[in-house]
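Structural characterization, general
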Amino acid sequence: MLTGKVRPLQAGTQIGLASANCSIGYTANVNAFYGIITANHCIGIANVTGINVYQPSSDFIGTVTRVSPTIPFNGTTCNNSDRLTCMLVDAAFVTTRDL
C-alpha cells in the first residue's frame, strides 16, 4: 500500500478517513467530476456525504460527494437490520481537485 503523498492518485494509495485508513480503489469520472472510488465502510457512517478525505501525510484529497445506495435484493423495502432482504453496494465517490 502506498502511504506517502502520491500524485497522480492511483489505486492502492492509502487514504485516511474519520474512522479508518483505507485505500483508493479506482480513479473515476462521474458526470464530469474527477475523483476516486473507495469502500463506503471506510467513511464510518453509512450514506453520508461531505466528509473530507486525506492521505496519511495530511494531504487533502477531496470530499465524499456520492455514496452507494441501499439496493433492495428481493423487491421488498430494504430494512438495514435485516441483511437477508437487502445488500449494500460498498462504494463511495470522493470528488478531487486533481488526480
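A short tour of the structure in this document, coming up.

How each quantity is defined
- Residues numbered from 1 in each chain as written.
- Predicted model: local features only at pLDDT ≥ 70, side-chain atom pairs only at ≥ 80, totals over all residues.
- Heavy atoms only, no water.
- Helix = DSSP H or I, 4+ residues; strand = E, 2+ residues; numbered from the N terminus.
- Pairing = 2+ DSSP bridges.

Turning our eyes to something else, we now look at unusual backbone geometry. Here arginine 7 and proline 8 are connected by a cis peptide whose omega angle stands at 0 degrees. Structurally, the position occupied by proline 8 is in the segment before β1 (14-16). Of note, the phi angle at asparagine 31 is positive, near 50 degrees, even though the residue is not glycine. Locating asparagine 31 in the fold gives a position in the loop between β3 (26-30) and β4 (33-38). Its identity is not glycine, yet alanine 32 carries a phi of approximately 70 degrees, on the positive side. Tracing the backbone shows alanine 32 in the loop between β3 and β4.

Where strand β5 (residues 52-54) lies against strand β6 (residues 60-67), 3 bridges are found, and the strand directions are antiparallel. Among the inter-strand pairings, asparagine 52 is bridged to a residue of β6, identified as threonine 63. Taking the residues between adjacent antiparallel strands as the criterion, β5 and β6 are bridged by 5 residues, where serine 58 takes a positive phi near 70 degrees. Where β6 lies against strand β9 (residues 92-96), 5 bridges are found, and the strand directions are antiparallel. Paired with glycine 62 across the bridge in β9 is threonine 96.

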